[in-house]
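Topology and contacts: notes
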Amino acid sequence: MSVIDCVAEAPSNYFPFQDIKDVSGLGIDFDAFFNMTGDSYDIIGVSTMFSNNWLINRYLINLLKKKYPSALIVVGGEHATAIPEYCLKDCEGLDMV
């Protein structure tokens, strides 16, 4: 088992978010994140604590599914708990809330 806390890895780093102009991510960027990941996983969990993080987390989940297509991608946290059906419909790479 491994845990990567993207914000804790670089708490002062802001990076541009590809999909939406004027939106930035906090912590390590996606390339740095994937440099820290392994070759394969059975289950990948993503924490989405706040709704304002959903756009970037949704993007990351879809990247994870592309890189690890056989992995079960699970999201938890306040956002996912509040609107689980929406999360599943809104994110094609997400398997379970």
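Whatever comes next refers back to the structure up there.
In short, a report on the structure.

About the thresholds
- Residues numbered from 1 in each chain as written.
- Predicted model: local features only at pLDDT ≥ 70, side-chain atom pairs only at ≥ 80, totals over all residues.
- Heavy atoms only, no water.
- Helix = DSSP H or I, 4+ residues; strand = E, 2+ residues; numbered from the N terminus.
- Rg over C-alpha atoms; globule rule 2.2 N^0.38 Å.
- Buried < 20%, exposed > 50% of the residue type's maximum accessible area, 1.4 Å probe, protein only.
- Contact = heavy atoms within 4.5 Å.
- Lys, Arg positive; Asp, Glu negative; His and termini not counted.
- Charge placed at Lys NZ, Arg CZ, Asp CG, Glu CD.
- Pairing = 2+ DSSP bridges.
- Right-handed = clockwise from strand over helix to strand, strands pointing away.
- Phe/Tyr/Trp six-rings, centres within 6.5 Å; stacked < 30°, edge-to-face > 60°.
- Core = buried A, V, L, I, M, F, W, Y, C linked by side-chain atoms within 4.5 Å.

Right, let's talk about the overall build of the chain for a bit. If you tally the helices and strands in the chain, you get five helices and four strands. Computed over its C-alpha atoms, the radius of gyration of the chain comes to 13 Å, within 12% of the 13 Å expected for a compact globule of 97 residues. The C-alpha extent of the chain, read off along each of the three principal axes, is 30 × 30 × 20 Å. Taken across its 97 residues, the chain has 32% of its residues classed as buried. Intrachain contacts of the chain at a sequence separation of at least 6 include 56% that bridge at least 24 residues. Taken together, the 6 basic and 13 acidic charged side chains of the chain have centroids lying 8 Å from each other.

Burial of strand 3 (residues 43–47) is one-sided: the residues Ile-44 and Val-46 facing one way are buried, the residues Ile-43, Gly-45 and Ser-47 facing the other way are not. Where strand 3 lies against strand 4 (residues 72–76), five bridges are found, and the strand directions are parallel. Bridging from a neighbouring strand, Ile-44 pairs with Ile-73 of strand 4. Assessed by its sense of winding, the connection that carries the chain from strand 3 through helix 3 (residues 54–67) to strand 4 is right-handed.

For Ser-2, the position within the fold is in the segment before helix 1 (6–9). A C-alpha to C-alpha distance of 20 Å links Ser-2 and Leu-26, two positions 24 residues apart in sequence.

A complete count under the given rule lists six aromatic pairs for this structure. Judged by centre distance (5.1 Å) and plane angle (50°), the rings of Phe-30 and Tyr-59 are tilted. In this pair, Phe-30 is assigned in helix 2 (residues 30–36) and Tyr-59 in helix 3, connecting sequence segments 29 residues apart.

Another aspect to go through is the nonpolar core. Counting 22 residues, the largest nonpolar core has Ile-61, Leu-64, Ile-73 and Leu-94 as its most contacted members. Breaking this core down by element, the ones donating at least two residues are helix 2, strand 3, helix 3 and strand 4. Per-element accounting of this core gives the leading share, five residues, to helix 3. With residues up to four places along the chain from it excluded, the contact list for Leu-94 reads Trp-54, Ile-61, Ile-73, Val-74, Val-75, Cys-87 and Leu-88.

To continue, consider the environment of Asn-57. If you trace the backbone, Asn-57 turns up in helix 3. The buried category is assigned to Asn-57, whose relative accessible area is 13%. Sequence spacing of Asn-57 and Ser-47 is 10 residues, and the spatial spacing of their C-alpha atoms is 8.3 Å. Beyond its immediate stretch of four places on either side in the chain, Asn-57 contacts Val-46, Ser-47 and Thr-48.

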